[in-house]
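# Working through the structure, step by step
Here's the letter readout for the chains.
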Amino acid sequence: MKVITESINFSTKGFSDIKDITSMINNKIKDSKLRKGIVTVFVPGSTGGLTTMEYEPGLIKDLKNLLDKIIPSNIPYFHDETWGDGNGFSHLRASLIGPSLTVPFSDGRLLLGTWQQIIFIDFDNRPRSRNLIVQLIGEE
Amino acid sequence: MKVITESINFSTKGFSDIKDITSMINNKIKDSKLRKGIVTVFVPGSTGGLTTMEYEPGLIKDLKNLLDKIIPSNIPYFHDETWGDGNGFSHLRASLIGPSLTVPFSDGRLLLGTWQQIIFIDFDNRPRSRNLIVQLIGEE
Amino acid sequence: MKVITESINFSTKGFSDIKDITSMINNKIKDSKLRKGIVTVFVPGSTGGLTTMEYEPGLIKDLKNLLDKIIPSNIPYFHDETWGDGNGFSHLRASLIGPSLTVPFSDGRLLLGTWQQIIFIDFDNRPRSRNLIVQLIGEE
């Protein structure tokens, strides 16, 4: 059994930009030589979240609309009074979706469904460069 | 330390059918002979989710009502234009609740509260046969 | 590789009382002597949840307001007919936010962002004494 700490880097546009990070995670598993275990993907920050979805253009729009409805970006938040950066809605969306996703792998591949992708959502209100933690625990 | 990959199978009715899968998970721990570790339950698909609740008839109704309110099934979604299968709401509910749940166990049993059960919710709009991944990491 | 099962204890005021438990978790990692691995924090109960946030007074208010809006405490729930303890809203909030959070650590410290804290939210409708499971898996 081994623990391997890796990270992945990419750019986002913010404003609920949804990125499919599945192949980046699968590559980290391949590089690790681990055959069986779990991978924990983690957002070290408070304006991004992780979940899975069928990554197709219709659902990408639907998910953005849902987030706008539940946590609107155009109403006042107390957070914005504290810092003045206007991203209170980004923080709330991140806490709701959550910063951590653990996915099992076997035979060196993620055990995802055929139409299921791992996504990172950047809830911030500006383009960002993102660095996510990819921690693998498993055996060769 | 060992990694063991198992799965559980069951039928659902769809439409936010909520299944208590606690005893199925506890049985997998018992069969594994592991005494201490974590179990990651994972939905390999994009229309189901995992969380915990007190599994009693009142709350089961409340949780379905809540999901209907936040993500209604009777409004149009862009996803439905893509595939025509009318389950855009199922996908969104699944992304919100999340496909992964990690629970610690000790002395060969899940460390749940007395009135807390692990539930799978089938958000799809038809009956399904479901197969969930149960990955155990721990020691004997 | 080792598995270590610990717990943390603290009091809450209920009613979406949000507690920053980051230093308690970091102390458990330090005591464990593990350098690299994952920690799974788990709520053994069905009226509390875990996520991360920037722990500042404005956002604390915003998050409480959001929960009151999505899952109001002043409307009837079927759960309240079952038990009469009036905390149906607490259970629903707990199922939505989720009882489990897995965070990677390296060099003996949580891999959190600079302005990111691990929070426990007590959704119950009364003050509580809480005991959370902290399960560490990793190597020295």
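Coordinates for the structure precede this section.
Residues numbered from 1 in each chain as written. Chains lettered and ligands numbered in written order. Predicted model: local features only at pLDDT ≥ 70, side-chain atom pairs only at ≥ 80, totals over all residues.

Now for unusual backbone geometry. With a phi angle near 70 degrees, lysine 33 of chain B is a residue other than glycine that sits in the positive phi range. For lysine 33 of chain B, the location among the structural elements is in the loop between helix H1 (22-32) and strand E3 (36-42). Here serine 16 of chain C, not a glycine, exhibits a phi torsion of approximately 60 degrees, which is positive. Counting through the fold element by element, serine 16 of chain C comes out in the loop between strand E1 (2-12) and strand E2 (17-20). Using a count of 23 C-beta atoms within 10 Å as the deciding quantity, one classes serine 16 of chain C as buried. (Helix = DSSP H or I, 4+ residues; strand = E, 2+ residues; numbered from the N terminus. Buried ≥ 20, exposed ≤ 12 C-beta atoms within 10 Å, placed from the backbone.)

Our next topic: the interface of chain C and chain A. By convention, interface size is frequently given as the accessible area that disappears when the constituent parts associate. Contact residues are listed per partner, giving 30 residues for chain C and 26 residues for chain A. At the level of secondary structure, the elements contributing two or more residues to the side of chain C that touches chain A comprise strand E3 (36-42), strand E4 (48-53), helix H2 (57-70), strand E5 (100-106) and strand E8 (128-139) of chain C. Element by element, the count of residues in the side of chain C that touches chain A is highest for H2 of chain C, at seven residues. Within the side of chain C that touches chain A, the residues separate by chemical class into 14 nonpolar, ten polar and six charged. (Contact = placed C-beta atoms within 7 Å. Nonpolar A, V, L, I, M, F, W, Y, C, P; charged D, E, K, R; others polar.)

Taken together, the contacts link 30 residues of chain A with 26 residues of chain B. Considering only residue class, the side of chain A that touches chain B consists of 14 nonpolar, ten polar and six charged.

A word on the relation of the copies chain C and chain A. It takes a turn of 120 degrees to lay chain C on chain A, together with a shift of 0.0 Å along the axis; the resulting RMSD is 0.0 Å. Here the two chains are linked by the operation of a three-fold rotation axis. Residue methionine 1 of chain C, judged by its C-alpha, is the member of chain C lying nearest the rotation axis, at 3.9 Å. Of the residues that chain C buries at the interface, just 17% are likewise interface residues in chain A, meaning the two copies contact each other through different surfaces. (Least-squares fit on C-alpha atoms with pLDDT ≥ 70 in both.)

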